[in-house]
2 protein chains.
Amino acid sequence: MPVVTETRVDFWQAHGINPDNCPVRQVLDHVSAKWPVLILMVLGGGPRRFNELLRALPDISKRMLTQSLRNLERDGIVRREVFDTKPPSVSYSLTELGQGFLPRVLALADWAETSMPRILAARDAYDRG
Amino acid sequence: MPVVTETRVDFWQAHGINPDNCPVRQVLDHVSAKWPVLILMVLGGGPRRFNELLRALPDISKRMLTQSLRNLERDGIVRREVFDTKPPSVSYSLTELGQGFLPRVLALADWAETSMPRILAARDAYDRG
DNA sequence: CCGGATCCCACTAGATACTG
DNA sequence: CAGTATCTAGTGGGATCCGG
């Protein structure tokens, strides 16, 4: 765990890294971009085909599923395999990188879940005041 | 670490929890909402005043700083203290909850930073192909 | 010094229809 | 089966001005 001071922010500034071009943030964006985490959780259970994912995430549109999968694939987190059978089938699975990513995302989600009572209490207090 | 299967997704479905109302996601949104993480990192160095934060994050607008701070305050992650001096001054700092949140966010950021070479390589390969 | 209020544009994502 | 294309309403965030 790094020491947390303004030092790192200073470093970023010095190297022209801003919130818009920071590659780390682009990865972190997968965390809260609405669908990626859910997709990764399903894929954590093993490889899935496109329509299986579609059925597993009832509210997602084909468009968003495609887009999210492409982003994850581009970052090497998800692997896409095409079998040119008839009809064609495509399999999505976690790469090794993705298997290292998922637990850390879930760890954060678990903290959020554990802390939820305190957070909801804080919100309640804030909204009253 | 929980077992990762579709079970949890099923649980969510069964309880009517979807990506739009899921409270956990609302917390995770702080992670990638562009500014909150940077704000937390600066506050990790100790309490800061509004304009100090403004100077520490060169590209942020007053509007976004205010908004981000309000969100974090509402969730009990950041504490806001007003001293009615002349001119008025406001101090922002991490709550106990925020101090528990920050390391986990940084842990994820560190993974992203460590994995960045592999991710960039994956992107490069993807963009060529 | 620390914001709130307003205007406005750019991007996002849902719906729908179509394809190899 | 596994997507793409197009259209459109809704939203987020910058710029700017105002106030306690």
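Residues numbered from 1 in each chain as written. Chains lettered and ligands numbered in written order. Predicted model: local features only at pLDDT ≥ 70, side-chain atom pairs only at ≥ 80, totals over all residues. Heavy atoms only, no water.

Peer 1: Residues and numbers for the interface of chain A and chain B, please.
Peer 2: Contacts between the two partners involve 62 residues from chain A, matched on the other side by 62 residues from chain B. For the chain A and chain B pair, buried surface summed over both sides reaches about 6000 Å², with 66% attributable to carbon and sulfur atoms. The largest share of the area that chain A buries against chain B comes from R74(A), W111(A) and R123(A), three residues that together contribute 12% of it. The partner of D75(A) in a salt bridge is R123(B), with the nearest N and O atoms 2.5 Å apart. For the pair chain A and chain B, the number of links is 10 residue pairs in polar contact (both at pLDDT 80 or more). Contributions of two or more residues to the side of chain A that touches chain B are made by α1 (6-14), α2 (23-32), α3 (36-43), α5 (62-74) and α6 (96-128) of chain A. Sort the elements by how many residues they give to the side of chain A that touches chain B and α6(A) lands first, with 24 residues. Partitioning the side of chain A that touches chain B into residue classes produces 33 nonpolar, 10 polar and 19 charged. (Contact = heavy atoms within 4.5 Å. Buried area = accessible area lost by both parts, 1.4 Å probe. Salt bridge = Lys/Arg side-chain N within 4 Å of Asp/Glu carboxyl O. Polar contact = N/O pair within 3.5 Å; in protein donor to acceptor, adjacent residues only side chain to side chain. Helix = DSSP H or I, 4+ residues; strand = E, 2+ residues; numbered from the N terminus. Nonpolar A, V, L, I, M, F, W, Y, C, P; charged D, E, K, R; others polar.)

Peer 1: Help me get a handle on the pairing of strand β3 (residues 89-94) of chain A, residues and values and all.
Peer 2: All names here are of chain A. Most of β3 sits out of view: six of its six residues are buried. Both faces of β3 are covered, namely the face carrying S89, S91 and S93 and the face carrying V90, Y92 and L94. The pairing of strand β1 (residues 48-49) with β3 spans two bridges and is classified as antiparallel. Bridge pairing links R49 to S91 in β3. Relative to β3, strand β2 (residues 78-83) is paired through six bridges, and the arrangement is antiparallel. (Buried < 20%, exposed > 50% of the residue type's maximum accessible area, 1.4 Å probe, protein only. Pairing = 2+ DSSP bridges.)

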